[in-house]
Amino acid sequence: MYKFLLFLLFPICVFGQPYSIVIKGGHVIDPKNNINEPYDVAIQNGKVALVAKNIDAKGATQVVDAKGLYVTPGLIDIHGHVFAGTHSDRYLSDGNSALMPDGFTFRVGVTTIVDAGGAGWKSFPLFKQNIIDQSQTRVLSFLNIVGEGMRGGVHEQNMGDMDPRQAALVAQQYKDQIVGFKVAHFNGPQWTPVDNAVEAGRISNKPVMVDFGGNVPPLSLQELFMQHLRAGDIFTHTYTLLDGNVRETVVDDATAKVKPFVWEAIKKGIVFDVGYGGASFNFSQAIPAIKQGFLPTTISTDLHTGSMNTSMKDQLSVMSKFLVMGMELPAVIKASTWSAAQVIKHEELGHLSAGAIADITLLGLRQGNFGFYDKTGYKIEGKRKFECEMTIKDGRIVYDLNGIANPVVVKSK
(Lines give C-alpha, C1' and ligand atoms only; values in the text may rest on other atoms or scores of the structure.)
Protein backbone atom coordinates (compact mmCIF):
# COMPACT_ATOMS: atom_id res chain seq x y z
CA MET A 1 0.00 0.00 0.00
CA TYR A 2 2.85 2.38 0.89
CA LYS A 3 4.53 1.83 -2.48
CA PHE A 4 1.23 2.47 -4.27
CA LEU A 5 0.82 5.81 -2.47
CA LEU A 6 4.36 6.79 -3.39
CA PHE A 7 3.59 6.12 -7.07
CA LEU A 8 0.53 8.39 -6.90
CA LEU A 9 2.43 11.14 -5.13
CA PHE A 10 5.52 10.99 -7.35
CA PRO A 11 4.39 10.05 -10.92
CA ILE A 12 7.22 12.17 -12.29
CA CYS A 13 9.97 9.67 -11.63
CA VAL A 14 10.01 6.21 -13.09
CA PHE A 15 12.43 3.95 -11.23
CA GLY A 16 14.25 7.06 -10.03
CA GLN A 17 15.07 8.39 -13.48
CA PRO A 18 15.14 12.19 -13.96
CA TYR A 19 13.04 13.85 -16.61
CA SER A 20 14.40 14.13 -20.13
CA ILE A 21 12.84 17.58 -20.64
CA VAL A 22 11.16 20.05 -18.30
CA ILE A 23 9.39 23.04 -19.85
CA LYS A 24 9.33 25.86 -17.31
CA GLY A 25 7.22 28.98 -17.03
CA GLY A 26 4.98 28.69 -20.09
CA HIS A 27 1.24 29.24 -20.46
CA VAL A 28 -0.30 25.84 -21.20
CA ILE A 29 -3.33 25.58 -23.47
CA ASP A 30 -4.62 22.00 -23.52
CA PRO A 31 -8.23 22.04 -24.74
CA LYS A 32 -8.96 18.38 -23.98
CA ASN A 33 -8.11 18.88 -20.32
CA ASN A 34 -9.54 22.42 -20.08
CA ILE A 35 -6.17 23.91 -19.15
CA ASN A 36 -5.53 27.55 -19.99
CA GLU A 37 -3.05 28.91 -17.45
CA PRO A 38 0.64 28.85 -16.49
CA TYR A 39 2.02 25.38 -15.86
CA ASP A 40 5.26 23.47 -16.22
CA VAL A 41 5.42 20.31 -18.33
CA ALA A 42 7.73 17.36 -17.74
CA ILE A 43 8.63 14.73 -20.33
CA GLN A 44 10.09 11.30 -19.79
CA ASN A 45 10.55 8.33 -22.15
CA GLY A 46 8.80 10.14 -25.00
CA LYS A 47 5.64 10.73 -22.96
CA VAL A 48 4.12 13.57 -20.98
CA ALA A 49 5.04 12.73 -17.38
CA LEU A 50 3.44 15.64 -15.54
CA VAL A 51 1.70 18.98 -16.06
CA ALA A 52 1.83 20.95 -12.81
CA LYS A 53 2.91 24.11 -11.05
CA ASN A 54 6.61 24.53 -10.29
CA ILE A 55 8.00 21.16 -11.37
CA ASP A 56 11.46 20.54 -9.97
CA ALA A 57 13.79 20.40 -12.98
CA LYS A 58 16.82 19.24 -11.01
CA GLY A 59 18.57 16.48 -12.89
CA ALA A 60 16.56 16.94 -16.10
CA THR A 61 18.53 16.31 -19.28
CA GLN A 62 17.20 19.55 -20.81
CA VAL A 63 15.31 22.48 -19.34
CA VAL A 64 13.32 24.77 -21.61
CA ASP A 65 12.65 28.39 -20.67
CA ALA A 66 9.10 28.99 -21.92
CA LYS A 67 8.45 32.34 -20.24
CA GLY A 68 6.18 34.44 -22.43
CA LEU A 69 5.26 31.47 -24.62
CA TYR A 70 2.19 29.32 -25.11
CA VAL A 71 2.72 25.59 -24.61
CA THR A 72 0.27 23.52 -26.63
CA PRO A 73 -0.10 19.99 -27.93
CA GLY A 74 1.75 19.43 -31.20
CA LEU A 75 -0.21 20.99 -34.05
CA ILE A 76 -2.09 18.68 -36.42
CA ASP A 77 -2.64 19.72 -40.04
CA ILE A 78 -5.34 17.42 -41.40
CA HIS A 79 -5.13 18.67 -45.01
CA GLY A 80 -1.73 18.76 -46.67
CA HIS A 81 -0.08 17.26 -49.74
CA VAL A 82 3.19 15.50 -49.00
CA PHE A 83 3.24 12.60 -51.49
CA ALA A 84 6.24 14.25 -53.12
CA GLY A 85 8.00 12.83 -56.15
CA THR A 86 9.82 13.89 -59.28
CA HIS A 87 7.12 13.30 -61.88
CA SER A 88 5.92 16.46 -63.61
CA ASP A 89 2.72 14.74 -64.81
CA ARG A 90 1.57 13.29 -61.49
CA TYR A 91 0.47 16.48 -59.70
CA LEU A 92 0.02 15.57 -55.99
CA SER A 93 0.50 11.81 -56.34
CA ASP A 94 4.26 11.13 -56.40
CA GLY A 95 4.56 14.46 -58.21
CA ASN A 96 6.57 17.64 -57.87
CA SER A 97 3.64 19.79 -56.72
CA ALA A 98 3.63 17.96 -53.36
CA LEU A 99 6.20 18.65 -50.65
CA MET A 100 8.47 16.55 -48.48
CA PRO A 101 6.92 17.04 -45.04
CA ASP A 102 9.89 17.56 -42.72
CA GLY A 103 10.92 20.84 -44.35
CA PHE A 104 7.49 22.42 -43.79
CA THR A 105 6.13 21.02 -40.52
CA PHE A 106 8.38 21.27 -37.46
CA ARG A 107 9.36 24.90 -38.12
CA VAL A 108 5.68 25.88 -37.74
CA GLY A 109 4.87 23.57 -34.82
CA VAL A 110 3.20 20.81 -36.83
CA THR A 111 4.03 17.34 -35.55
CA THR A 112 1.35 15.45 -37.51
CA ILE A 113 0.25 16.09 -41.09
CA VAL A 114 -2.42 14.20 -43.01
CA ASP A 115 -1.95 13.87 -46.74
CA ALA A 116 -5.35 14.60 -48.24
CA GLY A 117 -5.85 12.15 -51.09
CA GLY A 118 -2.51 12.16 -52.86
CA ALA A 119 -2.43 8.38 -52.82
CA GLY A 120 -5.17 5.98 -53.91
CA TRP A 121 -5.34 2.29 -53.13
CA LYS A 122 -3.01 1.51 -56.04
CA SER A 123 -0.27 3.95 -55.00
CA PHE A 124 -0.48 3.95 -51.21
CA PRO A 125 2.27 1.33 -50.69
CA LEU A 126 4.68 3.59 -52.61
CA PHE A 127 3.60 6.60 -50.56
CA LYS A 128 4.21 4.67 -47.36
CA GLN A 129 7.63 3.45 -48.52
CA ASN A 130 8.91 6.76 -49.89
CA ILE A 131 7.34 9.31 -47.56
CA ILE A 132 5.63 7.96 -44.44
CA ASP A 133 8.43 5.59 -43.46
CA GLN A 134 11.16 8.14 -44.25
CA SER A 135 9.72 11.15 -42.40
CA GLN A 136 10.35 12.38 -38.89
CA THR A 137 6.96 14.09 -39.07
CA ARG A 138 4.05 11.80 -38.28
CA VAL A 139 2.42 11.39 -41.70
CA LEU A 140 -1.10 9.99 -42.01
CA SER A 141 -3.37 9.75 -45.05
CA PHE A 142 -6.83 10.25 -46.41
CA LEU A 143 -6.91 7.63 -49.18
CA ASN A 144 -8.23 8.95 -52.49
CA ILE A 145 -11.31 7.14 -53.73
CA VAL A 146 -9.60 7.22 -57.14
CA GLY A 147 -7.23 4.26 -57.28
CA GLU A 148 -4.58 6.31 -59.10
CA GLY A 149 -4.74 9.02 -56.47
CA MET A 150 -4.53 12.75 -57.11
CA ARG A 151 -2.77 12.58 -60.46
CA GLY A 152 -4.86 15.39 -61.95
CA GLY A 153 -6.71 15.64 -65.25
CA VAL A 154 -8.62 12.64 -66.59
CA HIS A 155 -7.41 10.37 -63.78
CA GLU A 156 -9.51 12.20 -61.23
CA GLN A 157 -12.61 12.10 -63.46
CA ASN A 158 -12.51 8.32 -63.97
CA MET A 159 -15.49 6.96 -62.07
CA GLY A 160 -14.47 3.46 -63.17
CA ASP A 161 -11.41 3.81 -60.90
CA MET A 162 -13.45 4.70 -57.80
CA ASP A 163 -13.71 1.29 -56.15
CA PRO A 164 -14.98 1.50 -52.56
CA ARG A 165 -14.18 -2.11 -51.67
CA GLN A 166 -10.59 -1.97 -52.86
CA ALA A 167 -10.14 1.35 -51.07
CA ALA A 168 -11.61 -0.07 -47.85
CA LEU A 169 -9.41 -3.16 -48.13
CA VAL A 170 -6.22 -1.07 -48.34
CA ALA A 171 -7.44 1.18 -45.51
CA GLN A 172 -7.91 -1.85 -43.31
CA GLN A 173 -4.50 -3.22 -44.30
CA TYR A 174 -2.82 0.07 -43.33
CA LYS A 175 -5.21 1.06 -40.56
CA ASP A 176 -2.54 2.84 -38.51
CA GLN A 177 -1.69 5.27 -41.33
CA ILE A 178 -4.96 5.70 -43.26
CA VAL A 179 -7.47 7.83 -41.38
CA GLY A 180 -10.23 8.04 -44.01
CA PHE A 181 -11.05 8.69 -47.66
CA LYS A 182 -10.88 11.71 -49.93
CA VAL A 183 -13.05 12.93 -52.80
CA ALA A 184 -11.44 15.69 -54.84
CA HIS A 185 -11.52 17.66 -58.07
CA PHE A 186 -14.39 15.78 -59.72
CA ASN A 187 -16.11 17.98 -62.30
CA GLY A 188 -19.55 16.69 -63.06
CA PRO A 189 -23.15 16.39 -61.83
CA GLN A 190 -22.87 12.81 -60.53
CA TRP A 191 -22.82 11.87 -56.86
CA THR A 192 -20.88 8.66 -57.56
CA PRO A 193 -17.49 9.84 -56.21
CA VAL A 194 -19.02 10.97 -52.91
CA ASP A 195 -21.21 7.90 -52.53
CA ASN A 196 -18.35 5.51 -53.30
CA ALA A 197 -16.10 7.24 -50.77
CA VAL A 198 -18.85 7.10 -48.13
CA GLU A 199 -19.32 3.41 -48.88
CA ALA A 200 -15.59 2.84 -48.32
CA GLY A 201 -15.92 4.79 -45.09
CA ARG A 202 -18.89 2.70 -44.00
CA ILE A 203 -17.04 -0.57 -44.63
CA SER A 204 -13.93 0.51 -42.72
CA ASN A 205 -15.56 2.83 -40.15
CA LYS A 206 -13.57 5.86 -41.24
CA PRO A 207 -14.57 9.42 -42.19
CA VAL A 208 -14.65 10.97 -45.65
CA MET A 209 -13.18 14.33 -46.63
CA VAL A 210 -14.87 16.06 -49.56
CA ASP A 211 -13.30 18.66 -51.82
CA PHE A 212 -16.40 19.30 -53.88
CA GLY A 213 -14.73 19.90 -57.23
CA GLY A 214 -16.93 21.89 -59.58
CA ASN A 215 -19.89 21.79 -61.91
CA VAL A 216 -22.18 24.22 -63.71
CA PRO A 217 -24.72 24.48 -62.19
CA PRO A 218 -23.00 23.69 -58.87
CA LEU A 219 -24.11 20.65 -56.91
CA SER A 220 -26.19 21.37 -53.82
CA LEU A 221 -24.28 21.65 -50.55
CA GLN A 222 -27.51 21.06 -48.68
CA GLU A 223 -27.97 17.76 -50.49
CA LEU A 224 -24.32 16.85 -49.86
CA PHE A 225 -24.56 17.50 -46.13
CA MET A 226 -28.03 16.18 -45.43
CA GLN A 227 -28.39 13.26 -47.86
CA HIS A 228 -24.92 11.91 -48.70
CA LEU A 229 -22.50 12.59 -45.84
CA ARG A 230 -22.61 11.11 -42.34
CA ALA A 231 -21.87 12.62 -38.95
CA GLY A 232 -18.09 12.90 -38.71
CA ASP A 233 -17.54 13.34 -42.45
CA ILE A 234 -15.55 16.41 -43.44
CA PHE A 235 -16.27 19.28 -45.81
CA THR A 236 -12.96 20.98 -46.64
CA HIS A 237 -12.36 24.34 -48.34
CA THR A 238 -15.23 25.65 -46.21
CA TYR A 239 -14.65 29.36 -46.84
CA THR A 240 -14.03 29.33 -50.57
CA LEU A 241 -15.62 31.34 -53.35
CA LEU A 242 -14.58 29.99 -56.74
CA ASP A 243 -14.88 31.88 -60.01
CA GLY A 244 -17.45 30.74 -62.54
CA ASN A 245 -20.19 29.65 -60.13
CA VAL A 246 -18.87 26.08 -60.09
CA ARG A 247 -19.23 25.47 -56.34
CA GLU A 248 -21.91 26.62 -53.91
CA THR A 249 -20.77 28.76 -50.98
CA VAL A 250 -21.66 28.47 -47.28
CA VAL A 251 -22.32 32.22 -46.99
CA ASP A 252 -24.95 33.79 -49.23
CA ASP A 253 -23.06 36.35 -51.31
CA ALA A 254 -26.08 38.65 -51.58
CA THR A 255 -27.02 38.77 -47.87
CA ALA A 256 -23.65 37.88 -46.27
CA LYS A 257 -25.57 35.42 -44.09
CA VAL A 258 -24.56 31.84 -43.36
CA LYS A 259 -27.07 29.66 -45.17
CA PRO A 260 -29.64 28.00 -42.86
CA PHE A 261 -28.78 24.44 -43.91
CA VAL A 262 -25.19 24.97 -42.68
CA TRP A 263 -26.46 25.25 -39.10
CA GLU A 264 -28.46 22.06 -39.63
CA ALA A 265 -25.33 20.34 -40.94
CA ILE A 266 -23.45 21.36 -37.80
CA LYS A 267 -26.19 19.80 -35.68
CA LYS A 268 -25.95 16.63 -37.78
CA GLY A 269 -22.22 16.42 -37.04
CA ILE A 270 -20.66 17.47 -40.34
CA VAL A 271 -17.07 18.62 -39.82
CA PHE A 272 -16.04 21.92 -41.42
CA ASP A 273 -12.34 22.16 -42.28
CA VAL A 274 -10.51 25.26 -43.52
CA GLY A 275 -8.28 23.59 -46.18
CA TYR A 276 -6.92 27.02 -47.13
CA GLY A 277 -4.97 26.10 -50.29
CA GLY A 278 -3.93 28.28 -53.18
CA ALA A 279 -7.45 29.26 -54.22
CA SER A 280 -9.75 27.87 -51.54
CA PHE A 281 -10.13 30.68 -49.01
CA ASN A 282 -11.87 34.05 -49.29
CA PHE A 283 -12.20 36.66 -46.58
CA SER A 284 -15.57 37.56 -48.13
CA GLN A 285 -16.79 34.16 -46.90
CA ALA A 286 -14.75 33.79 -43.71
CA ILE A 287 -15.25 37.21 -42.09
CA PRO A 288 -19.08 37.18 -42.07
CA ALA A 289 -19.08 33.50 -41.11
CA ILE A 290 -16.84 34.10 -38.09
CA LYS A 291 -18.88 37.14 -37.03
CA GLN A 292 -22.02 34.97 -37.08
CA GLY A 293 -20.37 32.25 -34.99
CA PHE A 294 -19.74 29.77 -37.78
CA LEU A 295 -16.25 28.64 -36.77
CA PRO A 296 -14.20 25.91 -38.41
CA THR A 297 -14.03 22.55 -36.66
CA THR A 298 -10.44 22.16 -37.86
CA ILE A 299 -7.83 24.58 -39.21
CA SER A 300 -5.65 23.20 -42.00
CA THR A 301 -3.45 24.40 -44.82
CA ASP A 302 -3.88 22.39 -48.04
CA LEU A 303 -0.09 22.64 -48.21
CA HIS A 304 1.52 22.24 -51.65
CA THR A 305 3.83 24.24 -53.91
CA GLY A 306 0.89 26.26 -55.23
CA SER A 307 -0.21 27.47 -51.78
CA MET A 308 2.90 27.83 -49.62
CA ASN A 309 4.24 30.95 -51.35
CA THR A 310 0.92 32.66 -52.03
CA SER A 311 -1.52 33.91 -49.40
CA MET A 312 -1.64 30.65 -47.39
CA LYS A 313 2.02 30.43 -46.23
CA ASP A 314 1.75 27.79 -43.48
CA GLN A 315 -0.28 26.47 -40.54
CA LEU A 316 0.60 29.37 -38.24
CA SER A 317 -0.31 31.94 -40.88
CA VAL A 318 -3.76 30.39 -41.29
CA MET A 319 -4.22 30.20 -37.51
CA SER A 320 -3.16 33.86 -37.23
CA LYS A 321 -5.81 34.89 -39.75
CA PHE A 322 -8.57 33.27 -37.71
CA LEU A 323 -7.22 34.94 -34.57
CA VAL A 324 -7.30 38.31 -36.34
CA MET A 325 -10.85 37.66 -37.56
CA GLY A 326 -12.03 37.29 -33.95
CA MET A 327 -11.74 33.59 -33.14
CA GLU A 328 -10.61 33.19 -29.53
CA LEU A 329 -7.04 31.97 -29.03
CA PRO A 330 -7.99 28.75 -27.15
CA ALA A 331 -10.48 27.93 -29.91
CA VAL A 332 -7.79 28.41 -32.57
CA ILE A 333 -5.51 26.04 -30.66
CA LYS A 334 -8.30 23.49 -30.21
CA ALA A 335 -9.09 23.51 -33.94
CA SER A 336 -5.42 22.78 -34.62
CA THR A 337 -4.93 20.09 -31.96
CA TRP A 338 -7.61 18.21 -30.03
CA SER A 339 -10.47 18.72 -32.51
CA ALA A 340 -8.21 17.61 -35.35
CA ALA A 341 -7.19 14.48 -33.42
CA GLN A 342 -10.84 13.63 -32.77
CA VAL A 343 -11.83 14.13 -36.41
CA ILE A 344 -9.16 11.72 -37.68
CA LYS A 345 -9.87 9.29 -34.79
CA HIS A 346 -6.36 9.47 -33.41
CA GLU A 347 -7.19 10.56 -29.88
CA GLU A 348 -3.77 9.50 -28.63
CA LEU A 349 -2.69 12.84 -30.16
CA GLY A 350 -3.65 16.46 -29.59
CA HIS A 351 -3.46 16.70 -25.79
CA LEU A 352 -1.04 16.84 -22.86
CA SER A 353 -2.55 14.24 -20.52
CA ALA A 354 -0.10 12.33 -18.32
CA GLY A 355 1.10 9.35 -20.35
CA ALA A 356 0.24 10.95 -23.70
CA ILE A 357 2.70 11.06 -26.60
CA ALA A 358 4.95 14.07 -25.97
CA ASP A 359 4.19 16.07 -29.10
CA ILE A 360 4.40 19.66 -27.90
CA THR A 361 4.56 23.06 -29.58
CA LEU A 362 5.82 26.28 -28.01
CA LEU A 363 4.32 29.34 -29.65
CA GLY A 364 5.15 33.00 -29.37
CA LEU A 365 2.51 35.59 -30.12
CA ARG A 366 4.38 38.43 -31.80
CA GLN A 367 3.06 41.93 -31.36
CA GLY A 368 3.30 44.38 -34.24
CA ASN A 369 1.64 45.51 -37.44
CA PHE A 370 0.88 42.57 -39.72
CA GLY A 371 -0.97 42.25 -43.00
CA PHE A 372 -3.05 39.20 -43.97
CA TYR A 373 -4.42 38.86 -47.49
CA ASP A 374 -6.35 36.31 -49.53
CA LYS A 375 -6.13 35.17 -53.17
CA THR A 376 -8.14 38.18 -54.37
CA GLY A 377 -5.77 40.68 -52.73
CA TYR A 378 -8.28 41.58 -50.01
CA LYS A 379 -6.21 42.50 -46.96
CA ILE A 380 -6.87 42.83 -43.27
CA GLU A 381 -4.45 44.09 -40.64
CA GLY A 382 -3.74 42.68 -37.21
CA LYS A 383 -1.56 43.25 -34.16
CA ARG A 384 -0.79 39.60 -33.31
CA LYS A 385 0.83 36.76 -35.20
CA PHE A 386 1.86 33.25 -34.16
CA GLU A 387 5.51 32.22 -34.33
CA CYS A 388 6.91 28.79 -33.47
CA GLU A 389 9.72 28.84 -30.90
CA MET A 390 10.06 25.10 -30.38
CA THR A 391 8.63 21.80 -31.57
CA ILE A 392 8.91 18.56 -29.62
CA LYS A 393 8.01 15.29 -31.34
CA ASP A 394 7.82 12.01 -29.39
CA GLY A 395 9.61 13.66 -26.48
CA ARG A 396 12.55 14.94 -28.55
CA ILE A 397 13.28 18.55 -29.50
CA VAL A 398 13.16 18.66 -33.30
CA TYR A 399 13.07 22.45 -33.78
CA ASP A 400 14.39 25.22 -31.53
CA LEU A 401 14.25 28.66 -33.13
CA ASN A 402 16.28 30.63 -30.60
CA GLY A 403 18.07 27.98 -28.59
CA ILE A 404 15.82 28.18 -25.53
CA ALA A 405 16.69 24.64 -24.41
CA ASN A 406 19.50 24.23 -21.89
CA PRO A 407 21.64 22.57 -23.05
CA VAL A 408 20.68 23.26 -26.65
CA VAL A 409 22.27 20.01 -27.83
CA VAL A 410 22.38 16.81 -25.80
CA LYS A 411 25.73 15.14 -26.35
CA SER A 412 25.87 11.37 -26.36
CA LYS A 413 27.90 9.88 -23.58
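What counts and what doesn't
- Residues numbered from 1 in each chain as written.
- Predicted model: local features only at pLDDT ≥ 70, side-chain atom pairs only at ≥ 80, totals over all residues.
- Heavy atoms only, no water.
- Buried < 20%, exposed > 50% of the residue type's maximum accessible area, 1.4 Å probe, protein only.
- Helix = DSSP H or I, 4+ residues; strand = E, 2+ residues; numbered from the N terminus.
- Contact = heavy atoms within 4.5 Å.
- Polar contact = N/O pair within 3.5 Å; in protein donor to acceptor, adjacent residues only side chain to side chain.
- Salt bridge = Lys/Arg side-chain N within 4 Å of Asp/Glu carboxyl O.
- Phe/Tyr/Trp six-rings, centres within 6.5 Å; stacked < 30°, edge-to-face > 60°.
- Lys NZ or Arg CZ within 6 Å of the ring centre and 35° of its normal.
- Core = buried A, V, L, I, M, F, W, Y, C linked by side-chain atoms within 4.5 Å.

Next up on the list: helix α8 (residues 315–324). Counted residue by residue, α8 has nine buried out of ten residues, so it is predominantly covered. Of the residues making up α8, those classed as buried are Gln315, Leu316, Ser317, Val318, Met319, Ser320, Lys321, Phe322 and Leu323. Buried residues in α8 make contact with β6 (75–80), β8 (110–120), α7 (283–291), α9 (329–335), β14 (360–373) and β15 (379–393). Sitting at the head of α8, Asp314 places a side-chain oxygen 3.1 Å from the backbone nitrogen of Leu316. Gly326, located one to two residues past α8, shows a positive phi value of around 115 degrees.

The next point concerns the pattern of salt bridges. Here the idea is simple: oppositely charged side chains can pair when their charged atoms come close. The tally for this structure, following the rule as stated, stands at 16 salt bridges. Among the ionic pairs, Glu248 bridges to Lys259, the shortest N-O distance being 3.1 Å. Here Glu248 is found in the loop between β12 (234–235) and α6 (260–268), whereas its partner Lys259 is found in the loop between β12 and α6, with eleven residues between them in sequence. What makes Lys259 buried here is its relative accessible area of 15%. For Arg366, the salt bridge identified is with Glu387, shortest N-O distance 3.8 Å. Linking Arg366 in strand β14 with Glu387 in strand β15, this pair joins segments that are 21 residues apart in sequence.

On to the environment of Ala279, then. Within the element layout of this structure, Ala279 appears in the loop between β13 (271–272) and α7. Expressed as a C-alpha distance, the spacing of Ala279 and Lys32, which sit 247 residues apart in the sequence, is 32 Å. Other than its neighbours up to four places away in sequence, Ala279 contacts Thr240, Leu242 and Lys375.

Okay, the packing of aromatic side chains next. Summed over the entire model, instances satisfying the criterion amount to 17 aromatic pairs. Geometrically, the ring pair formed by Trp191 and Phe212 is tilted, given 5.8 Å between the ring centres and 40 degrees between the ring planes. You can see Trp191 sitting in the loop between β10 (178–183) and α4 (192–204) and its partner Phe212 sitting in the loop between β11 (208–210) and α5 (221–228), a full 21 residues away along the chain. Comparing Trp191 with Phe212 shows no difference in burial state: the two are buried. Pairwise contacts between aromatic rings join Phe225, Phe235, Tyr239, Phe261, Trp263, Phe272, Tyr276, Phe281, Phe283, Phe294, Phe322 and Tyr378 into one cluster. Positioned above the aromatic ring of Tyr39 is the side chain of Lys53, whose terminal nitrogen or guanidinium carbon lies 4.6 Å from the ring centre. The ring of Tyr373 has Lys321 lying over it, and the distance from NZ or CZ to the ring centre is 5.9 Å.

Turning our attention to the nonpolar core. Residues Leu224, Phe225, Phe322 and Phe386 are the most contacted members of the largest nonpolar core, which totals 83 residues. Counting residues in hydrophobic clusters, the runner-up holds 21 residues, among them Ile23, Val71, Leu352 and Ile392.

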